[in-house]
Amino acid sequence: MFDAEKFIEKTVDQLQEKIKGKALIAFSGGVDSTVCAALVNNAIGDRLIAVHVDTGYMRKNESIDVKKMMEELGLNYRFIDASKEFYASLKNVEDPEEKRKIIGEKFIRLFEKTAKEEGIEYLVQGTIAPDWIESGDELRDTIKSHHNVGGLPEDIAVKLVEPLRDLYKDEVRKVARVLKLPVSERQPFPGPGLAIRIIGEATPKRTEVIREACYIVEKEIENAVKQGIIEKPWQYFAVLIPVKTVGVQGDKRVYGYTIAIRAVQSVDAMTCKYSHIPHEVLDNISIKIANALGNEINRIVYDVTNKPPGTVEWE
Ligand code: XMP
């Protein structure tokens with residue numbers, strides 16, 4: 001049985017012992033990085049600098065909300081808007097692993113730059129067990145390179161601190177609850193963000209489409225949870241499939257992209273089952289997406305794939 005209180009006590013002590021100078025944390029505002037930031041902040045206070053990067057691949061209003069949260073948590077923070085840079089670096093890139101590596105490397109380089117400016121020696125990361133297990137090693141296959149592991153350059157000039165390395169997601173949530181963090185029940189969101197929810201090239205225009213589609217899926221599912229129609233899925237989002245199919249709008253032929261809706265149940269993300277979302281909820285999502293994105297999207301499908309054989313994300 002995982003004892004969150006003991007974990008917190010032990011980890012804060014170890015962090016105090018280990019981190020002698022200034023540390024930097026990549027703060028996405030998700031459960032993992034928020035728990036990490038809170039633990040390290042407890043251990044070393046203002047010597048921790050939280051850096052949030054708006055990559056342009058964040059969800060609707062996400063970076064603004066993250067900024068607010070960093071203020072509320074009393075963190076010493078920096079906010080970097082790097083969206084133009086990220087979009088440029090993914091121009092013409094279609095391969096999922098290449099996307100992940102480019103994004104991972106970009107993140108690290110940005111953090112390295114801040115680290116140099118601030119005289120930082122330690123980089124804190126919210127890596128959890130499934131991240132490094134699935135990123136492969138001499139014992140295991142690479143399923144996909146989670147951006148905070150596989151994208152790490154070999155010549156990195158700061159020391160890595162990964163306080164959650166041995167934890168699974170449900171354990172991280174337990175720690176978040178004990179620390180009373182507002183993110184304890186948030187669904188996971190991958191480091192590479194919406195870039196891996198667009199199959200193929202993640203252009204700024206496609207990103208706007210998937211951002212809105214993800215927003216609609218999240219809102220409608222959360223509404224259904226509130227009304228007691230469904231249990232909260234582990235994760236729920238949209239995927240943009242830039243394959244054109246024929247549709248009709250009014251009396252006009254349209255030729256647009258497809259959105260896949262994905263909702264899954266899982267315990268630790270190592271396996272998952274697709275959620276049995278009732279048709280009334282899927283209807284609402286379908287209609288809202290068609291109304292909001294009818295110029296680009298004319299087909300909406302529901303993904304009924306478990307993991308294995310699929311993975312949670314499509315890339
Ligand atoms: P997959 O798609 O591998 O996802 O079945 C398992 C869980 O991990 C999340 N995920 C990531 N998280 N960096 C992250 O921090 C990543 O590169 C990454 N890729 C996938 C995914 O959303 C799911 O919760």
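All of these numbers come straight from a predicted model, not from anything done at the bench. (Residues numbered from 1 in each chain as written. Predicted model: local features only at pLDDT ≥ 70, side-chain atom pairs only at ≥ 80, totals over all residues. Heavy atoms only, no water.)

1. Digging into the overall build of the chain
Step number 1: When helices and strands are counted, the chain shows nine helices and nine strands.
Step number 2: Relative to a compact globule of 315 residues, whose C-alpha radius of gyration would be 20 Å, the chain shows 20 Å and is just as compact.
Step number 3: By residue count, 53% of the 315 residues in the chain fall in the buried class.
Step number 4: In the chain, the share of contacts with a sequence separation of at least 24, taken over all contacts with a separation of at least 6, comes to 74%.
Step number 5: Summing over all exposed atoms, the chain offers an accessible surface of approximately 15,100 Å²; the carbon and sulfur share of this is 50%.
Step number 6: Of note, the chain has its 45 positive side-chain charges centred 3 Å away from the centre of its 50 negative side-chain charges. (Helix = DSSP H or I, 4+ residues; strand = E, 2+ residues; numbered from the N terminus. Rg over C-alpha atoms; globule rule 2.2 N^0.38 Å. Buried < 20%, exposed > 50% of the residue type's maximum accessible area, 1.4 Å probe, protein only. Contact = heavy atoms within 4.5 Å. Areas by Shrake-Rupley, 256 points an atom, 1.4 Å probe, with all protein chains shown as cover. Lys, Arg positive; Asp, Glu negative; His and termini not counted. Charge placed at Lys NZ, Arg CZ, Asp CG, Glu CD.)

2. Some words on the sheet that holds strand S5 (residues 159-161)
For sheets, the rule is that strands pair by backbone hydrogen bonds, running either parallel or antiparallel.
Step number 1: Reading across from one edge, S3-S2-S1-S4-S5 is the order of the five strands in this open sheet, with parallel pairing throughout. The sheet is open, and its two borders are formed by strand S3 (76-81) and S5, each paired with just one other strand. Between one strand axis and the next, the sheet turns through 25° on average, direction left out of account.
Step number 2: Pairing analysis gives four bridges linking strand S1 (residues 23-26) to strand S2 (residues 48-54), with the strands arranged parallel. Considered in S2, the bridge of Ala 26 is made with Val 51.
Step number 3: Of the strands in this sheet, S1, S2 and strand S4 (122-124) touch helix H2 (residues 31-44), which is tilted by about 165° from S1. (Pairing = 2+ DSSP bridges. Axes fitted to C-alpha atoms, helices over the stretch in contact; angles between N-to-C directions.)

3. Here's the deal with the domain arrangement of the chain
Bring the parts together and some accessible area is lost; that lost area is often taken as the interface size.
Step number 1: Along its sequence, the chain is carved into domain 1 (4-178) and domain 2 (198-302).
Step number 2: Relative to domain 2, the C-alpha centre of domain 1 lies at a distance of 28 Å.
Step number 3: In total, domain 1 and domain 2 occlude about 1,400 Å² of area from one another, counting both sides; carbon and sulfur atoms represent 56% of this.
Step number 4: The interface formed by domain 1 and domain 2 holds two salt bridges in total.
Step number 5: The closest approach of N and O atoms between Arg 59 and Glu 218, which form a salt bridge, is 3.1 Å.
Step number 6: Taken together, the connections running from domain 1 to domain 2 amount to nine residue pairs in polar contact (both at pLDDT 80 or more).
Step number 7: Elements supplying a minimum of two residues to the side of domain 1 that touches domain 2: helix H6 (129-134) and helix H7 (169-178).
Step number 8: Of the residues contributing to the side of domain 1 that touches domain 2, the split by class is eight nonpolar, two polar and eight charged. (Domains from an automatic or database assignment. Buried area = accessible area lost by both parts, 1.4 Å probe. Salt bridge = Lys/Arg side-chain N within 4 Å of Asp/Glu carboxyl O. Polar contact = N/O pair within 3.5 Å; in protein donor to acceptor, adjacent residues only side chain to side chain. Nonpolar A, V, L, I, M, F, W, Y, C, P; charged D, E, K, R; others polar.)

4. Describing the packing of aromatic side chains
Step number 1: Tallied over the entire structure, the rule returns five aromatic pairs.
Step number 2: Consider the rings of Phe 86 and Phe 107, whose centres lie 5.6 Å apart with planes at 65°: the pair is edge-to-face. In this pair, Phe 86 sits in helix H4 (residues 83-89) while Phe 107 sits in helix H5 (residues 96-118), placing the two residues 21 residues apart along the sequence. Just as Phe 86 is buried, Phe 107 falls in that class too.
Step number 3: Between the NZ or CZ atom of Arg 253 and the centre of the ring of Tyr 255, over which it lies, the distance is 5.3 Å. (Phe/Tyr/Trp six-rings, centres within 6.5 Å; stacked < 30°, edge-to-face > 60°. Lys NZ or Arg CZ within 6 Å of the ring centre and 35° of its normal.)

5. Thoughts on the packing of helix H1 (residues 4-18) against H2
Step number 1: One way to put it is that H1 packs onto H2 with a least axis distance of 8 Å and a crossing angle of 55°. Judged by the inter-axis angle, H1 sits oblique to H2. Handedness of the H1/H2 crossing: right-handed. Residues Phe 7, Ile 8, Thr 11, Val 12, Leu 15 and Gln 16 of H1 pack against Leu 39, Val 40, Asn 42 and Ala 43 of H2. (Parallel < 35°, antiparallel > 145°, perpendicular 65-115°, else oblique. Left-handed = near helix turned anticlockwise from the far one by under 90°.)

6. Describing the pattern of salt bridges
Step number 1: With the rule as written, the count across this model stands at 22 salt bridges.
Step number 2: Residue Glu 220 pairs with Lys 288 through a salt bridge whose shortest N-O separation is 3.1 Å. Note that Glu 220 is positioned in helix H8 (residues 204-226) and Lys 288 in helix H9 (residues 279-293), a separation of 68 residues in sequence.
Step number 3: Under the relative-accessibility criterion, Glu 220 is labelled buried at 8%.

7. What to know about the site of the ligand
Step number 1: In the vicinity of the ligand, 16 residues are found, and the nearest of them are Arg 100, Lys 144, Gln 235, Lys 307 and Glu 313.
Step number 2: One of the side-chain nitrogen or oxygen atoms of Lys 307 is found 2.7 Å away from an oxygen atom of the ligand.
Step number 3: Contact with the protein chains removes 93% of the 490 Å² of surface that the ligand exposes when unbound.
Step number 4: With respect to the pocket detection grid, the ligand is positioned in the largest cavity. (Near = heavy atom within 4 Å. 1 Å grid on protein atoms, 1.4 Å probe; cavity = no way out; pocket = protein on both sides within 12 Å on 5 of 7 lines; lining within 4 Å. Sits in = over half its atoms within 2 Å of the grid points.)

8. Things to note about the layout of surface pockets
Step number 1: Here the largest pocket defines a volume of roughly 500 Å³.
Step number 2: Contributing to the lining of the largest pocket are 23 residues, with Arg 59, Glu 62, Asp 65, Arg 186 and Glu 218 lying nearest its centre.
Step number 3: Listing elements by their share of the lining of the largest pocket, those giving two or more residues are helix H3 (62-72) and H8.
Step number 4: Residues that form the lining of the largest pocket fall into these classes: seven nonpolar, three polar and 13 charged. (Points joined across faces, edges and corners; volume = space filled by probe spheres on them.)

9. Some thoughts on the environment of Tyr 302
Step number 1: On the secondary structure map, Tyr 302 appears in strand S9 (residues 297-302).
Step number 2: In this structure the C-alpha to C-alpha distance between Tyr 302 and Ile 221, which are 81 residues apart in sequence, comes to 13 Å.
Step number 3: Beyond its immediate sequence surroundings of up to four residues, Tyr 302 is in contact with Ile 261, Ala 263, Tyr 274, Ser 275, Ile 277 and Leu 282.
Step number 4: Within polar-contact distance, the side chain of Tyr 302 engages the backbone oxygen of Ala 263 at 3.5 Å.
Step number 5: A distance of 2.5 Å separates a polar side-chain atom of Tyr 302 from the backbone oxygen of Ser 275.

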